[in-house]
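What follows is each chain in one-letter form.
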Amino acid sequence: MIAAVIPAVPGLLGLLVCAALWEAVPRLGLVDPDFLPPFTTTLNALRGELADAAFWTALGDTLTGWALGLALATAGGILAGLVIATVPHLRELTASTVEFLRPIPSVALIPLAILLYGTELRSVLLLVVYAAFWQVLVQVLYGVQDVDPVADDTARAFGLGPWARVRHVVWPTALPYVMTGVRLAAAVALILAITVELVIGAPGLGHRINVAQSSQAVPDMYALILVAGCLGVLINTGARFVERRALSWHQSVRAEGPA
Amino acid sequence: MRCTRRTLTAVTATMLLAATAACGSGSDSPKSESTGDAGTTKLKIGIIPIVDVAPLYLGQKKGFYKEQGLSLSMTMAQGGAAIVPGVVSGQFQFGFSNSTSLMVAQSKGVPVKVVVNGVGSTGKQNADFGAVVVNKDSTIKSAKDLEGKKVAVNTLKNINDTTVRESVRKDGGDPSKVKFVELAFDQMPAALDKGQIDAAQVVEPATATVKAQGGRVIASNFVDTARKLTVAMYFSSSQYVDQHPDVVKKFKAATQKSLTYANGHPDEVRDIISTYTKIPQSTLDKVTLPAWPAQWNRPSLDTLAKLGEQDGLFEKTPDLDALLP
């Protein structure tokens, strides 16, 4: 229990220093408090937000877009990755296509999203899935490549079919990579969900930030940005937790810290 | 091998395009006009969450749209750039956009048609919702002094720089000497305060924010351009106007009623603004409300078209008779 708390101390200390700096800079007049309100003012605005039902609706909308998008991207990435990596020659055939599509910034597809779906959830999903899919796919490809050829040959020699080989040889090897991919995708999905809301006005936290911004409600805007940051931390912590649980049998996790 | 790979890339790209095209055609068929239980037509309106669109919210609250069998759902987009494609692709039935942007779209052959007036300048010098503002200790006294200065507008090559140029011209200055930079309205007060820009063309609530900081209005660019300039209008796609003339007629009638009502009830306007924006009450009390005439001002639009042409905004002269019904 104590061992679990200790590593968090330096992190908390960093946060406190950050909050103190945030409080001091506007108070000392280094920047105008009208444009960067002190930390405590922002916290007050945050209290106001938390008491507003519309805030929770917005938070729910963002999380819905994030979760659905992440689920779709993960399922699609794993499926496509396994197929590409296990079917002979498919990997060489798709390599240049993947390398062509992967670096296209998801936000560049915003005009396409508006054209297809307006400002609905589907617009958010399109961009979230596009961005998160590659994270998972590429990790799955790496993971499958890491399969021990001796193990694979042994499995073949024992007469295991393709499905059984995926189940018993490929999947356990690839899983740590998949989990890394999902963790990266979880963060990317959140960033994209909030960006799309901010830019095209789909309902959610990003949209609320935009309304606060255009309303000159500066403390509210920073309060909402703070919420977005906390959400990112929570999601990353959650993803790490899931990763550790899913890989509890794996040496990379077993070696980590006292059991 | 190399050849196959290239072919495959091409095939994949084609498939992707086909897939997106299929999604596109599938999505617009069911929702262009959904009829609710009581025979009400649900409309999606693409708007910007600002003071200007308050009459729509007010009209909805007062039941003016319900009287016509309409129910509005406001879809807030970041800017006009998202609204025009949204309307043309059928995602929104109507949209809100500034007059110059609509002329630019029309001149590019984008099938848009104006339906009803949106918002207009108050026509009063120093008492308009849009203004050119400077910092409290700025040496700039009038529009002519903007020569050689850095002036922020929210979008370059649009209504705001065109009208600011007109202010400079009318004050005896040379508008070609003004350096325009692009900045979002909400960032302008801070940029002015830090001296990153010399002046800014702002609209409410940024106008009130700058004034509260001690800033000064040095020109009312909309007023300088035309008496009671029509700044923005509600529009639809030509296709929708042709296919649903009855809905267009009803939307127009209800919106005109809402505009007129908003003009006569500024207190109710301020109340409704606080429901869809987060403008702090102290700022909201000081905001200069725009004018909401029921009908656009055609001569002012002709002037705007002429100025836009002078500034090279259009590929070819916009056909106002085709844009306005």
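Scoring rules and cut-offs
Residues numbered from 1 in each chain as written. Chains lettered and ligands numbered in written order. Predicted model: local features only at pLDDT ≥ 70, side-chain atom pairs only at ≥ 80, totals over all residues. Heavy atoms only, no water. Helix = DSSP H or I, 4+ residues; strand = E, 2+ residues; numbered from the N terminus. Buried < 20%, exposed > 50% of the residue type's maximum accessible area, 1.4 Å probe, protein only. Areas by Shrake-Rupley, 256 points an atom, 1.4 Å probe, with all protein chains shown as cover. Lys, Arg positive; Asp, Glu negative; His and termini not counted. Charge placed at Lys NZ, Arg CZ, Asp CG, Glu CD. Pairing = 2+ DSSP bridges. Axes fitted to C-alpha atoms, helices over the stretch in contact; angles between N-to-C directions. Contact = heavy atoms within 4.5 Å. Buried area = accessible area lost by both parts, 1.4 Å probe. Salt bridge = Lys/Arg side-chain N within 4 Å of Asp/Glu carboxyl O. Parallel < 35°, antiparallel > 145°, perpendicular 65-115°, else oblique. pLDDT = per-residue confidence, 0-100. Expected span 1.5 Å × (residues − 1). Bend = angle between axes of the 7 residues up to and from the residue.

**Re the overall build of chain A**
Then, in step 1: Within chain A, the secondary structure is distributed over twelve helices and zero strands.
Then, in step 2: The secondary structure elements of chain A, listed N-terminal to C-terminal, are α-α-α-α-α-α-α-α-α-α-α-α.
Then, in step 3: Within chain A, buried positions represent 43% of all 259 residues.
Then, in step 4: Carbon and sulfur atoms provide 72% of the accessible area of chain A, an area that totals close to 13300 Å².
Then, in step 5: The distance from the centre of the 14 positive side-chain charges to the centre of the 17 negative ones in chain A is 9 Å.

**Focus on the overall build of chain B**
Then, in step 1: Looking only at helices and strands, chain B features 15 helices and eleven strands.
Then, in step 2: Within the structure as shown, chain B displays about 13600 Å² of accessible surface, and the carbon and sulfur contribution to it stands at 53%.

**Describing the sheet that holds strand 9 (residues 199-203) of chain B**
Residues and elements named next belong to chain B.
Then, in step 1: Strand order in the open sheet formed by five strands is 8-7-9-6-10, and the pairing between neighbours is mixed. Every other strand in the sheet has two partners, leaving strand 8 (179-182) and strand 10 (216-219) as the edge strands with one partner each. Within the sheet, the average angular offset between the axes of one strand and its neighbour, ignoring direction, is 40°.
Then, in step 2: Bridging between strand 7 (residues 150-153) and strand 9 involves two bridges; their strand directions are parallel. When the bridges of strand 9 are listed, A152 appears paired with A200.
Then, in step 3: Its contacts with the sheet place helix 6 (residues 159-170) against strand 6 (130-134), strand 7, strand 8, strand 9 and strand 10, and it is angled at close to 155° to strand 8.

**Regarding the interface of chain A and chain B**
Then, in step 1: Listed by partner, the interface residues are 34 residues for chain A and 38 residues for chain B.
Then, in step 2: Of the roughly 2900 Å² buried between chain A and chain B on both sides combined, carbon and sulfur atoms contribute 61%.
Then, in step 3: Ranking the residues of chain A by area buried against chain B places A:F35, A:L116 and A:Q216 at the top, with a combined share of 21%.
Then, in step 4: Linking chain A to chain B there are three salt bridges.
Then, in step 5: Note that B:K278 is salt-bridged to A:E49, the shortest N-O span being 2.8 Å.

**Section: the packing of helix 6 of chain B against helix 14 (residues 298-310) of chain B**
Residues and elements named next belong to chain B.
Then, in step 1: Interaxial distance between helix 6 and helix 14 falls to 10 Å at its minimum, and their mutual angle equals 90°. As far as their axial angle goes, helix 14 and helix 6 are roughly perpendicular. From helix 6, I159, T162, T163, E166 and R169 reach across to helix 14, where they touch L304, L307, G308 and Q310.

**Things to note about the pattern of salt bridges**
Then, in step 1: Tallied over the full model, the rule gives 19 salt bridges over all chains.
Then, in step 2: For B:E166, the salt bridge is made with B:R169, and the minimal N-O distance between the two is 2.6 Å. Here the residue B:E166 and the residue B:R169 both occupy positions in helix 6, the gap between them amounting to three residues, near one helical turn.
Then, in step 3: We classify B:E166 as buried; its relative accessible area is 11%.
Then, in step 4: Under the relative-accessibility criterion, B:R169 is labelled partly exposed at 29%.
Then, in step 5: Each of the salt bridges in this network shares a partner with another, and the network as a whole consists of A:E49, A:D52, A:R208, A:D220 and B:K278.

**Quick word on the confidence of the model for chain B**
All names here are of chain B.
Then, in step 1: Chain-level pLDDT for chain B is 85 on average; 87% of the residues reach the 70-or-more range.
Then, in step 2: This model gives residues 1-37 a pLDDT under 50, and the stretch forms 32 contacts once residues within four places in sequence are excluded.
Then, in step 3: Taken together, the chains of this predicted complex give a pTM of 0.79 and an interface ipTM of 0.73.

**As for unusual backbone geometry**
Then, in step 1: In this model, B:E204 is joined to B:P205 through a cis peptide bond whose omega is 5°.
Then, in step 2: On the secondary structure map, B:P205 appears in the loop between strand 9 and helix 8 (206-212).
Then, in step 3: Phi at A:Q216 is positive, roughly 60°, even though this residue is not glycine.
Then, in step 4: With respect to the secondary-structure elements, A:Q216 resides in the loop between helix 10 (205-214) and helix 11 (218-246).
Then, in step 5: Residue classification places A:Q216 among the buried positions, given a relative accessible area of 12%.
Then, in step 6: With a phi close to 65°, B:N126 is a non-glycine residue in the positive phi region.

**A few points about helix 9 (residues 162-200) of chain A**
All names here are of chain A.
Then, in step 1: Compared with the 57 Å implied by 1.5 Å per residue over 39 residues, the 45 Å span of helix 9 between its first and last C-alpha is markedly short.
Then, in step 2: Remark: the principal bend of helix 9, roughly 50°, maps to W171, with a proline, P172, within the next four residues.
Then, in step 3: Just beyond helix 9, the residue with positive phi is G201, at close to 85°.

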